[in-house]
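# Close look at the chain arrangement
So the chains spell out like this:
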Amino acid sequence: MASMRDIKRRRESITSTSQITKAMKLVSTVKLQKAKGRAEESKPYFEKMYDTVSSMLAKSGNVQNAFLGTGKTDGPKKTGIIVITSNRGLAGGYNSNIVKMVVNAGFDPENTVIYPVGRKGLEALRRLGYHLSGDFNEVMNKPLFGDAVSIGKTVTGDLESGKIDEIYLAYTVFKNTMTQIPTLLKILPFTEEDLDNNSGMGDLSSEEKPEKKDDAPKAAEAIMNYEPEEEETLSYIIPMYMNSLIFGALVEASASENGARMQAMDNATSNAEEMIDTLGLQYNRARQAAITQELTEIVAGAAAIE
């Protein structure tokens with residue numbers, strides 16, 4: 001059995017840790033309320049933006065535009081992924097879930113360019129051998145639309161120059177305080193198949209998505225007419241679409257991070273309180289054993305004198 005001194009020191013240490021985790025939980029709770037409000041207010045707009053523009057792009061396959069892509073025939077496709085994580089840890093599996101999703105998505109690290117938003121994702125993917133481009137870590141401190149514009153310019157510039165051939169967005173959808181869903185969304189270029197796979201911006205889990213019926217009638221497809229010219233119209237719409245999706249993902253990720261950290265700190269505080277109770281029992285037992293031993297020695301000494 002550990003000595004009373006050791007138990008007391010460990011109990012004081014855990015008590016100090018419990019105070020820290022409790023304070024972090026309170027801070028995350030306050031931040032979550034603000035981030036949650038922003039996410040809920042902006043989500044309908046960004047979902048409709050995604051559904052509308054992606055549908056338009058998917059039906060514009062015959063249009064020649066640098067953003068739409070024509071498909072590489074002389075080598076492997078280069079994939080660009082905007083990966084949104086946090087700058088700090090202590091958020092449970094929030095960061096590791098995003099990294100695992102990107103790694104398990106089947107992309108070749110040699111032909112993948114990561115645009116990291118958040119220090120934790122940057123460090124993890126760098127260790128795994130992925131090529132990183134840009135540094136947007138400061139964005140996660142307080143996401144603004146201007147930050148999304150900066151990221152969008154970098155990524156669309158690489159797409160236009162041919163450095164990458166397709167763009168994905170890896171972020172976490174905020175569903176509620178207990179649930180955050182890692183989501184990998186293809187945002188450029190588009191086909192009808194991509195629309196079927198990404199419908200709803202990842203806001204529904206696989207269990208919640210309605211099943212498609214083979215005999216269901218197909219909706220009438222509108223013919224895309226561009227006014228003014230196709231190139232001019234798409235050059236205006238697509239960057240706005242990109243920036244809107246990136247900002248929506250930043251807001252969702254911010255709410256998800258604070259929700260995950262609040263839950264992790266709540267669990268850590270509960271575990272600390274349980275350990276403190278257990279150590280309290282151990283301390284009392286050790287104290288009783290010490291008192292019993294002292295009494296035994298006193299009685300034995302008195303008996304020896306007699």
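The next subject is the confidence of the model for the chain. On average, residues of the chain score 82 in pLDDT, and 81% of them reach the 70 mark or higher. Residue range residues 200-210 is modelled with pLDDT below 50. Its contacts to residues more than four positions away, or to other chains, number 20 contacts. Predicted confidence is poor over residues 216-220, with pLDDT under 50, and the contacts of this stretch with residues over four places away or in other chains come to zero contacts.

With respect to the helices and strands, Ser254 occurs in helix H6 (residues 230-305). On the accessibility criterion, Ser254 (13% relative accessible area) is buried.

Ile82, Ile84, Val117, Ile167, Tyr241 and Met242 are the most contacted members of the largest nonpolar core, which totals 48 residues. Only helix H1 (4-58), strand S1 (79-84), strand S2 (112-117), helix H4 (145-161), strand S4 (166-174), strand S5 (180-188) and H6 provide two or more residues apiece to this core. No other element matches the 15 residues that H6 contributes to this core. Setting aside anything within four residues of it in sequence, one finds Ile82 in contact with Tyr115, Val117, Ile151, Val155, Ile167, Tyr168, Leu169, Ala170 and Ile246.

Turning our attention to the sheet that holds strand S3 (residues 131-132). Taken together, the five strands give an open sheet; going across it, the order is S3-S2-S1-S4-S5, and neighbouring strands pair in mixed fashion. Edge positions in the sheet fall to S3 and S5, since each of these pairs with one other strand and no more. Examined bridge by bridge, S2 and S3 share two bridges and lie parallel to one another. By the bridge assignment, Ile114 is partnered in S3 with Leu132. Most of the contacts of helix H2 (residues 94-103) go to S4, to which it runs at about 150°, and overall it touches S1, S2, S4 and S5.

Turning to the environment of Asn97, a few remarks are in order. With respect to the helices and strands, the residue Asn97 is situated in helix H2. Residues Asn97 and Tyr171 lie 74 residues apart in sequence; the distance between their C-alpha atoms is 9.8 Å. Looking at Asn97, its side chain comes within polar contact range of the main-chain oxygen of Gly93, at 2.9 Å.

Here is what the cut-offs are and how they apply
For every chain, the first residue of the written sequence is number 1, and numbering continues from 1 onward in sequence order. Local features in this predicted model are restricted to residues of pLDDT 70 or higher, and side-chain atom pairs are both shown and tallied only at a pLDDT of 80 or more, whereas totals for entire chains, interfaces and linings draw on every residue. Remark: hydrogens and water are excluded; side-chain values derive from all non-hydrogen atoms of the structure. What pLDDT reports is the predictor's confidence in each residue, on a scale of 0 through 100. Residue contacts follow a heavy-atom distance rule, with two residues in contact if any of their heavy atoms lie within 4.5 Å. In DSSP terms, a helix is any run of H or I states spanning at least four residues, a strand is any run of E spanning at least two, and both are numbered starting from the N terminus. Throughout this description, buried means an accessible area under 20% of the type-specific maximum (1.4 Å probe, protein chains only), exposed means over 50%, and partly exposed covers the range between. Buried residues of nine kinds, namely Ala, Val, Leu, Ile, Met, Phe, Trp, Tyr and Cys, make up a nonpolar core once their side-chain atoms join them within 4.5 Å. Two strands are said to pair when DSSP picks up at least two bridges between them. Axis lines are fitted to C-alpha atoms, over the contacting stretch for helices. Their N-to-C directions set the angle, which ranges from 0 to 180 degrees. We call two N or O atoms a polar contact when they sit within 3.5 Å, provided that within protein one can donate a hydrogen and the other can accept it, with sequence-adjacent residues counted only if both atoms are side-chain atoms.

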